[in-house]
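So the chains spell out like this:
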Amino acid sequence: MNIAIATTDDEIAACYPIMHQLRPHLTQPEFVPRIRRLMEMGYRLAALTDESEVVAVAGFRFGENLAWGRFLYVDDLVTDANRRSRGYGSALLNWLKQYAATAGCDQLHLDTGTWRKDAHRFYEREGMRLSSFHVVSEVRAE
């Protein structure tokens, strides 16, 4: 098992099949260019490989605000549906926590959909706690 930041187009593209399981609205042709645009804003894509195959990915960024101090925010975290319950998600989340600590972060944050009950159980097992509700409003310029 190895975890590394995807930096080349080929490494990013190799993450698509797994990320698509979490973000099915993304198409393969748009994936690498979109990740590249996000990277310009500080996004990073970590890939966990087992026997040279990507089996879990995490998209994340660093931030700082008054409420949390310096933090690592996980935008996306997914393990291949056919390989869950093998420790990959736990290994990737622990890697992210260590990466955050090494970067001087005080906390790691992520949002999870209210309907994702299996994910909630996973995060609780990993020592995370529900700390707030995330609210959203659609806005459109006229």
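Look a little higher up for the structure.
Residues numbered from 1 in each chain as written. Predicted model: local features only at pLDDT ≥ 70, side-chain atom pairs only at ≥ 80, totals over all residues. Heavy atoms only, no water.

Applying the stated criterion across every chain yields a total of eight salt bridges. Notably, a salt bridge pairs Arg34 with Glu30, separated by 3.6 Å at the nearest N-O pair. Here Arg34 pairs with Glu30, and both are found in helix 2 (residues 28-40), just four residues apart, close to one helical turn. Assessed through its relative accessible area of 27%, Glu30 is described here as partly exposed. Here Arg83 and Glu53 are joined by a salt bridge, their closest N and O atoms 3.2 Å apart. Here Arg83 is found in the loop between strand 4 (69-79) and helix 3 (88-102), whereas its partner Glu53 is found in strand 3 (residues 53-65), with 30 residues between them in sequence. (Salt bridge = Lys/Arg side-chain N within 4 Å of Asp/Glu carboxyl O. Helix = DSSP H or I, 4+ residues; strand = E, 2+ residues; numbered from the N terminus. Buried < 20%, exposed > 50% of the residue type's maximum accessible area, 1.4 Å probe, protein only.)

Strand order in the open sheet formed by five strands is 1-2-3-4-5, with mixed pairing between adjacent strands. Two strands bound the open sheet, and with one partner strand each, they are strand 1 (2-5) and strand 5 (107-110). Between one strand axis and the next, the sheet turns through 30° on average, direction left out of account. Lying over the sheet, helix 1 (residues 9-22) contacts strand 1, strand 2 (44-50), strand 3 and strand 4, oriented at roughly 80° with respect to strand 4. (Pairing = 2+ DSSP bridges. Axes fitted to C-alpha atoms, helices over the stretch in contact; angles between N-to-C directions. Contact = heavy atoms within 4.5 Å.)

This part is about the packing of aromatic side chains. Applying the stated criterion across every chain yields a total of seven aromatic pairs. Relative to Tyr99, the ring of Trp95 has its centre 4.8 Å away and its plane inclined at 25°; by these criteria the two rings are stacked. Remark: Tyr99 and Trp95 occur in helix 3; sequence separation between them is four residues, near one turn of the helix. When its relative accessible area of 22% is taken as the criterion, Trp95 is described as partly exposed. By way of ring pairs, the aromatic residues Phe60, Phe62, Trp95 and Tyr99 are connected into one cluster. (Phe/Tyr/Trp six-rings, centres within 6.5 Å; stacked < 30°, edge-to-face > 60°.)

Functional significance is not addressed by these values, which are geometric in nature.
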